[in-house]
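Descriptive structure summary
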Amino acid sequence: MTPSILQASILRHLTFTVGKDAPHAVAHDWRMALSHAIRDQIVEPWFASTRRTWDEDKKRVYYLSMEFLIGRILEDATINLGLYDAASEAMAALGQDMRAVIDDEPDAALGNGGLGRLAACFMESMATLGCPAYGYGIRYEHGLFRQHFDHGRQIETPENWLCEAHPWEFARPESAYTVGFKGHVETRDGREVWLPQETVTAEAYDTPVIGWQGKWANTLRLWGAKGTTDFDLERFNRGDYAAAAEPETLARTLSRVLYPDDTTYQGKELRLKQEFFLTSAALQDILRRYLAANADLRALPRHVAIQMNDTHPAIAGPELVRLLSDVHGLAFDEALTIARACLGYTNHTLLPEALEKWATFTFGNVLPRHMQIVERIDSWHRRAYPNRPDYVGIVKHQEVRMGELAFIMSHRVNGVSALHTNLVKQTLFPELDRLHPGRIINQTNGVTPRRWLRMANRPLSKLITHSIGPGWEADLDRLRELEPFAEDAAFRAEFAAAKRENKVALSNWIGREMGIEVSPDALFDVQIKRIHEYKRQLLNILETISHWARIRSNPGAGWVPRVKIFGGKAAPGYVVAKEIIRLINDVAVVVNADPVTRDLLKIVYPANYNVTMAERVIPAANLSEQISTAGKEASGTGNMKFMMNGAPTIGTLDGANVEILQEVGAENFFLFGLTTEEVQKRREYPDHARKAIEASQPMLDVLQMIAEGRFSPDEPGRYHGLVNGMWHSDYFLVASDFDAYRAAQDEVDKAYLDPARWWRMAALNTARSGFFSSDRSIRGYMEEIWQATSAL
């Protein structure tokens, strides 16, 4: 498409879709017009892909996830379609700046962290590889929350990304399904019949997901909740206006907020309802689509693969059994066999609290028929495997264990890194693994290079294409061709220049948004991820305090200037994580104002970390902080994005760090810390925290400064709880790894002071990152889990 044709399409949409003329249009209007013009170019391959799937009766993959952290769509779509340059030229001819138009787009607030971003990368890779697929999620009106800081404290406000029209979606009112809750079960003519007390309508909104070069497009279908009874006119006419709107208000609660606070019973019930709402609507839609072309439900596994992204959609097992048996009349055992052949389960966590468990009272109250089915599945499994230990099962200790349910109802269970998969076998489901050998397999996560390198890092992408030629975006293993260039001083200089260009852009953005001046010549040391104790942002800020104290004691010692960049949100009810956020911000206030050190150390923590912020920060990073306690991080995907963008890792042997180390080589990775086995042994000693602290004078000094109120002079005791936890618990072994982390940071400084060594390391990180493409991940899922083939 030429710029002039695209320009005409933009003007047409400005007039007839947006309802504005050019002289009176503002940035929002131009963005909407451009978005619709680009969407027009997606629709044709989207329809063609759908028709081809139907015509060839291809097996479809259905990816169920509570999160799809898709980020902005406009720039990604124009790049995948090969229209970015044409769009930029067309907008320039209309007197508009393409960058300003792109920046006007809000992030879709449909996720929280790695789980949702992985789902988005997988959707893009499935489209790129021509794997016919649907993604199913919830169309959250307010997402997780918008984060801002008040005197360092995290404050949550609603994320209002849908306060304006979303130009990428198509409402599908014809695709609506009734989802029930509560009620009771009756036996009629020998069959169980569920009579729900409450019902809502799930309405579909479709967003096309275009693959690289526009060859294939799949569908992300999000469900919005609506009352089955919209409005009670009789109550309204009696003057009871609030009650008249109550059914609609209660229904919409299901799709308002991602991960509502579940510290109350009402919150727990809402979460369970959300998970069932997503899953039931998706499964009804899947069966409706299948039956439109096939009459025999026994052949469902040959045509349908359903992937559960963590335990949130684990109710898919009993719900599919219910639909097949109660609604479509299959025998229970037959329905069970079919369901298990369709379902796969991706485990994303080793944390006990993240493996959902529902009180049988709550589960049975909200989903009485499913409680019966779960108990029947559990009984069937116990009979089928009589040597199953008594303590293993789905329903135990008045709880429904969703991890065990997902495992038993899936024909394949996968971990997301080599280490994580081994731990799933050894520590999470050891008994089930012995009963079902071979069911657990590994599929290491990946990220899409189209967004995270080609789009996010234009300077480096241009250098890569200039060096090895075009086409690497769809064949990331070709980055290995960069290895010889890493030995060339001229190439390393160009690599460094590309990094500096990104750092200048980020420095300018930090200055505008935060009023903090940072030097692009400093080492940008970055930790951006969800705030959690196991991810150990606390270790990072404690070492930062120690580093600040060392600089103050000898400011002329030739220190490498550093900018410590943090980003991430804490769950609203996670008190300790929010204390860590406040500590980071309090330390930043003191350090950034220190005249002795402020040219050598700055701390910045921009609020409201999201996909767009990651796209700004990751290309500018010099150092990737992946410092979780060994054995706790399933995989991580941020680590892969940093590596791809030429940032060496400082990290532990945790998650996909293990595979990054294998790919890049120990000489290009700053390794520290206890191993998984050493972590387990260290925890056996009840006073490990105190011993580790007492053995480290720098650790003692840092904790003393915090306890004395050095960073909270208005409230000296603010962090006594945090310090007390370090002395008496320290479950995530911050103190045990502190000195090793400090030593690794010294090694970082030594490497950075040797430009030839540093930029060779950086270039080799990019050159050896091809394994971490989500295309490789999806090929593995297609071959080993879904038995699906490409339509391309």
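A short tour of the structure in this document, coming up. Residue positions within a chain follow its written sequence, with the count starting from 1. Totals for whole chains, interfaces and linings use every residue, but because this is a predicted model, local features are given only for residues with pLDDT of at least 70 and side-chain atom pairs only at 80 or more, for both listing and counting. Side-chain numbers come from the whole structure's heavy atoms, not from hydrogens or water.

Strands are runs of DSSP state E lasting at least two residues, helices are runs of H or I lasting at least four, and both sets are numbered from the N terminus onward. Counting secondary structure elements, the chain contains 33 helices and 22 strands. Taken over C-alpha atoms, the radius of gyration comes to 27 Å for the chain, in line with the 28 Å a tight globule of 792 residues would show. Seen through its principal axes, the chain has C-alpha atoms that stretch 85 × 70 × 60 Å. Burial status follows relative accessibility: with a 1.4 Å probe on protein chains alone, a residue under 20% of its type maximum counts as buried, one over 50% as exposed, and anything between as partly exposed. A burial count over the chain gives 62% of its 792 residues as buried. Considering only contacts within the chain whose residues lie at least 6 apart along the sequence, 77% involve residues at least 24 apart. Using a 1.4 Å probe, accessible areas were evaluated by the Shrake-Rupley method; residue-level cover was limited to the displayed protein chains. Accessible area for the chain stands at about 29,400 Å²; split by element, carbon and sulfur atoms hold 51% of it. For a compact globule the rule gives 2.2 Å times the number of residues to the power 0.38, and the radius of gyration it is set against comes from C-alpha atoms. Residues count as neighbours in contact if any of their non-hydrogen atoms are within 4.5 Å of one another.

Time to look at the side chain of Asp-730. Along the chain, the position of Asp-730 falls in the loop between α30 (720-728) and α31 (734-752). There is no salt bridge for the buried Asp-730, and the closest opposite charge comes from Arg-536, which lies 6.8 Å off by N-O distance. Apart from the residues lying within four places of it in its own chain, the contact partners of Asp-730 are His-688, Ala-689, Gly-725, Ala-735 and Ser-736. Neither His nor the chain ends contribute to the count of charged residues, in which Lys and Arg are positive and Asp and Glu negative. For this document, the term salt bridge refers to a Lys or Arg side-chain nitrogen within 4 Å of an Asp or Glu carboxyl oxygen.

For the rest of this paragraph, the subject is helix α1 (residues 3-18). Taken together, the buried positions of α1 are occupied by Leu-6, Ser-9, Ile-10, His-13 and Leu-14. Check the buried side of α1 and you find it contacts α2 (27-56) and α4 (84-93). Positive backbone phi, at 80°, marks Gly-19, one or two positions downstream of α1.

Helix axes use the C-alpha atoms of the stretch in contact, all axes being lines fitted to C-alpha atoms, and the angles between their N-to-C directions lie in the range 0 to 180 degrees. The contact between helix α22 (residues 537-553) and helix α23 (residues 575-592) brings their axes to 10 Å, and the two run at 20°. As far as their axial angle goes, α23 and α22 are roughly parallel. As α22 runs across α23, the sense of the crossing is left-handed. Where α22 approaches α23, its residues Gln-537, Leu-538, Ile-541, Ile-545 and Trp-548 are matched on the opposing element by Ile-580, Leu-583, Ile-584, Val-587, Val-590 and Val-591. Here the contact of α22 with α23 is built from residues that sort into ten nonpolar, one polar and no charged. Roughly parallel covers angles under 35 degrees, roughly antiparallel covers those over 145, roughly perpendicular covers 65 to 115, and oblique covers all other angles. By convention the crossing between two helices is left-handed if the near helix lies anticlockwise of the far one by an angle smaller than a right angle, and right-handed if it lies clockwise. Note that Gly is not counted as nonpolar here; it falls among the polar residues with everything else outside the nonpolar set of Ala, Val, Leu, Ile, Met, Phe, Trp, Tyr, Cys and Pro and the charged set of Asp, Glu, Lys and Arg.

For strand β17 (residues 523-528), a buried count of six out of six residues is recorded, marking the element as mostly surrounded by other parts of the structure. The alternating pattern of β17 places Leu-523, Asp-525 and Gln-527 and Phe-524, Val-526 and Ile-528 on opposite faces, both of which are buried. When β17 meets strand β18 (residues 562-567), the two strands line up parallel, connected through six bridges. Pairing of Leu-523 across the sheet is with Arg-562, part of β18. Think of it like this: strands point away, you trace from the first strand over the helix to the second, and a clockwise trace means the crossover is right-handed. Remark: the β17/α22/β18 crossover connection has right-handed handedness. Examined bridge by bridge, β17 and strand β20 (residues 623-626) share two bridges and lie parallel to one another. In the strand pairing of β20, Val-526 is matched with Ser-624. The pairing criterion is simple: DSSP has to find at least two bridges between the two strands.

The next point concerns the layout of surface pockets. It is a probe the size of a water molecule, rolled over the atoms, that shows where empty space is left. The calculated volume of the second largest pocket comes to roughly 530 Å³. Of all the secondary-structure elements, those providing two or more residues to the lining of the second largest pocket are α5 (98-103), α20 (458-468), α21 (489-514) and α24 (611-617). Tallying contributions element by element places α21 first for the lining of the second largest pocket, with six residues. Broken down by class, the residue content of the lining of the second largest pocket amounts to eight nonpolar, three polar and nine charged. Cavity: a set of points on a 1 Å grid over the protein atoms alone where a 1.4 Å probe fits but cannot get out. Pocket: an open set with protein on both sides within 12 Å along at least five of seven lines, its lining residues, like those of a cavity, having an atom within 4 Å of a point. Grid points are joined across faces, edges and corners, and a volume is the space filled by probe spheres set on the points.

Let's shift gears to α20. The complete set of buried residues in α20 reads Pro-459, Leu-460, Ser-461, Leu-463, Ile-464, Ser-467 and Ile-468. Elements in contact with the buried residues of α20: α19 (449-455), α21, α25 (638-644) and α32 (755-767). Any N or O atom pair separated by 3.5 Å or less is treated as a polar contact, with the protein-specific requirement of one donor-capable and one acceptor-capable atom, and with residues adjacent in sequence counted only for side-chain atom pairs. At the N-terminal boundary of α20, the capping side chain belongs to Asn-457, with an oxygen 3.2 Å from the backbone nitrogen of Leu-460.

Strand order in the open sheet made by the three strands is β12-β14-β13, with antiparallel pairing throughout. Each edge of the open sheet carries a strand with a single partner, namely β12 (357-359) and β13 (395-396). When β13 meets strand β14 (residues 399-401), the two strands line up antiparallel, connected through two bridges. Across the sheet, residue Lys-396 finds its bridge partner in β14, namely Glu-399.

As a further point, take the nonpolar core. As used here, the term nonpolar core means buried Ala, Val, Leu, Ile, Met, Phe, Trp, Tyr and Cys residues forming a set that is joined through side-chain atoms within 4.5 Å. Within the largest apolar cluster, 148 residues are counted, with the highest numbers of intra-cluster contacts made by Ile-10, Met-126, Trp-223, Phe-277, Ile-306, Phe-363 and Trp-786. At eleven residues, the largest contribution of residues to this core is made by helix α10 (residues 265-291). If we ignore the near neighbours within four places in the chain, the residues touching Ile-10 are Trp-30, Ala-33, Leu-34, Ala-37, Ala-90, Met-91 and Leu-94. Counting 105 residues, the second largest nonpolar core, distinct from the first, contains Leu-600, Val-617, Ala-763 and Ala-767.

Here the aromatic set is Phe, Tyr and Trp, taking the six-membered ring for Trp, and pairing holds for ring centres within 6.5 Å; pairs whose planes are under 30 degrees apart are stacked, those over 60 apart are edge-to-face, and all others are tilted. Scanning all chains against the criterion turns up 26 aromatic pairs. Seen in terms of ring centroids, Phe-122 and Tyr-781 are 5.4 Å apart; in terms of plane orientation they differ by 70°. Their pairing is edge-to-face. Of this pair, Phe-122 sits in helix α6 (residues 114-129) while Tyr-781 sits in helix α33 (residues 774-786), and the two are 659 residues apart along the sequence. Ring centres of Tyr-177 and Trp-223 lie 5.7 Å apart, and the angle between their planes is 80°; this geometry places the pair in the edge-to-face category.

Coordinates in, geometry out; function isn't part of it.
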